[in-house]
Amino acid sequence: MLGAALALAGCAENAGEAKSSSSEPAARGPGKGKGYSHDPFPSTYRAYPGAPTLVTNVTIFDGEGGRIDNGAVLFRDGKIVEVGQGLSAGAGVTVIDGQGKYLTPGVIDIHSHLGDYPSPGVEALSDGNEMTSPVTAEVWAEHSVWPQDPGFGRALANGGVTTLQILPGSANLFGGRSVTVKNVYARTMQGMKFPGAPYGLKMACGENPKRVYGGKGRAPSTRMGNIAVDRATWAKAVEYKRRWDKYEDKGGEPPARDLAMDTLRGVLEGEILVQNHCYRADEMAVVMDMAKEFGYRVTAFHHAVEAYKIADLLKANNACAAVWADWYGFKVESYDAVNENLAILEKEGACAMIHSDDANGIQRLNQEVAKARASGIKAGFDISEAAAWRWLAINPAKALGIADRTGSLKPGKMADVVLWNGNPFSVYTRPQMVWVDGALLYDANNPKLRPVSDFELGQPGEGDVK
């Protein structure tokens, strides 16, 4: 009895202070997304200096489907200020009379390999495909980007390209991270990197992975092998995410880092966008189901030659299609094409855009859109010039996660602007002036404002400066 009384007294004295493993506060982790750096190579981009500018008397395609005849655009401090008619310049504003010319947002190419497969096109500079494993999600395209690639200047001066996504190649199922850059020359890749743009994950389905690895006598060697390796990899990623989520919430011993899984975890978190090389309609449908299985979304299918067959599925799954105008037939999976692909996607309300995948094609994407539009009109689809310009501007901006900052001529957006010397849907038209963040980086009438790569300096002709 005495022992029981003493025990009860002890409980009374320590009421509210009892300690046990179940009542101790759980150890806290570093917080969601803070287990490791998600941005170890941050952008150091700084816009070149520009002057307040008013371009008047132009036909404007605003990039979102709008057209203004006899219009004007005012920009200063790197941003669009006003778009409309009858705008006044104000003190200290450079006025450019664009009579007879067209003004558009800068062209955005969602699929480029500039810098990773630069010119000169030699083996020593061929750094776009890490063909050592079907899963190389750990590699980042930006670590191969050669900022001196002369192709950047040619894309700016000949094609009006102000923003582009540089992707790894398509040999692997998981090719690695892409990077979005502003089309300016810089000493480093980080000096070109679009501030705050999300990373992409390059994936590939179809012939390329099964040919590359089947040819080495290893998996995958079939399309079913492609999907099996994909699913096994995503299953590992889900478990990796679970372990890191638990650590960041509860604390304890941090899990071992896996750089490939870091990228896939980023996809599952929604911070990295899937850019999927895929030609056939049936394979795109399978990939969209696989994405649902593991809880991610395909932002865009690239090449997508058969996208016209599943426009409704793409729309329902909020997946874009980046396509060519008429490039097809170079392998079996690219055979069943129609030149009306873009027009059909547009008619069905799917997100669609043009892309290059080529160092020469990037210089003429306006002409590629002209061809795609002409094919649509011939087939009975009424597509205005202003609507077609969305395939070069706001749509790729959306698929890159940067539409709030660029992709259209709207107040507050980056002043990425091209003045064309005629209708940009004509083969005789080319850029006259190109601004990036309000800085005039190309002027056809000023030899001192023609971009030249450091690599070309001192060589005969010095690149584009003759």
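Residues numbered from 1 in each chain as written. Predicted model: local features only at pLDDT ≥ 70, side-chain atom pairs only at ≥ 80, totals over all residues. Heavy atoms only, no water.

1. Considering the overall build of the chain
Within the chain, the secondary structure is distributed over eleven helices and 16 strands. The principal-axis extent of the C-alpha atoms belonging to the chain is close to 105 × 60 × 50 Å. Each of the 466 residues in the chain was classed as buried or not, and the buried ones make up 53%. Intrachain contacts of the chain at a sequence separation of at least 6 include 69% that bridge at least 24 residues. Surface exposure of the chain reaches about 20000 Å², of which carbon and sulfur atoms provide 52%. (Helix = DSSP H or I, 4+ residues; strand = E, 2+ residues; numbered from the N terminus. Buried < 20%, exposed > 50% of the residue type's maximum accessible area, 1.4 Å probe, protein only. Contact = heavy atoms within 4.5 Å. Areas by Shrake-Rupley, 256 points an atom, 1.4 Å probe, with all protein chains shown as cover.)

2. Regarding the nonpolar core
Ranked by internal contacts, the top residues of the largest apolar core, which has 90 residues, are F174, L201, W234, Y296, F301, L314 and L345. Residue contributions to this core peak at seven residues, all from helix α6 (residues 281-294). Not counting residues up to four positions away in its chain, the partners in contact with L345 are A307, Y308, A311, L314, A321, V323, A350 and A352. Core analysis: the next-biggest nonpolar cluster, separate from the first, contains 14 residues, V58, I60, V73 and M433 among them. (Core = buried A, V, L, I, M, F, W, Y, C linked by side-chain atoms within 4.5 Å.)

3. Considering the confidence of the model for the chain
For the chain, mean pLDDT is 94; residues scoring 70 or higher make up 93% of the total. Ignoring residues within four places in sequence, the model shows residues 1-25, a span with pLDDT below 50, making one contact including any to other chains. (pLDDT = per-residue confidence, 0-100.)

4. Things to note about unusual backbone geometry
Looking along the chain, the bond that leaves S119 and enters P120 is cis, with omega of 5 degrees. Positive phi values are uncommon outside glycine, yet D77 reaches one of about 55 degrees. By the secondary structure assignment, D77 is in the loop between β2 (67-76) and β3 (79-84). Assessed through its relative accessible area of 74%, D77 is described here as exposed.

5. What to know about the environment of T56
Along the chain, T56 falls in strand β1 (residues 53-61). Spatially, the C-alpha atoms of T56 and A89 are 9.6 Å apart, while their sequence positions differ by 33 residues. When sequence neighbours within four positions are dropped, the list of residues in contact with T56 reads G71, A72, V95, I96, D97, G98 and Q99.

6. Things to note about the packing of aromatic side chains
Enumeration over the complete set of coordinates arrives at 20 aromatic pairs. Measuring from centroid to centroid gives 5.8 Å for W327 and F330, while their planes differ by 55 degrees, and the two rings are tilted. Take W327: its relative accessible area is 40%, and that puts it in the partly exposed class. A network of ring pairs unites the aromatic residues F61, Y102, W389, W420 and F425 as a single cluster. The ring of Y199 has R177 lying over it, and the distance from NZ or CZ to the ring centre is 4.9 Å. (Phe/Tyr/Trp six-rings, centres within 6.5 Å; stacked < 30°, edge-to-face > 60°. Lys NZ or Arg CZ within 6 Å of the ring centre and 35° of its normal.)

7. Some thoughts on the state of the cysteines
Tallied over the entire structure, the rule returns two disulfides. Residue C205 pairs covalently with C278 via a disulfide, S to S 2.0 Å. Linking C205 in the loop between β9 (200-204) and α3 (207-214) with C278 in strand β10 (residues 273-278), this pair joins segments that are 73 residues apart in sequence. The class for C278 is buried, based on a relative accessible area of 0%. (Disulfide = S-S within 2.5 Å.)

8. Observations regarding the packing of helix α4 (residues 223-250) against α6
It is the contact of α4 with α6, at a shortest axis distance of 11 Å, that shows an interaxial angle of 20 degrees. As summarised for this structure, α4 and α6 are arranged roughly parallel, according to the angle between their axes. Every pair of crossing elements has a handedness; the one defined by α4 and α6 is right-handed. On α6, the residues that touch R223, I227, D230, R231, W234, A235 and V238 of α4 are E283, V286, M290, E293 and F294. (Axes fitted to C-alpha atoms, helices over the stretch in contact; angles between N-to-C directions. Parallel < 35°, antiparallel > 145°, perpendicular 65-115°, else oblique. Left-handed = near helix turned anticlockwise from the far one by under 90°.)

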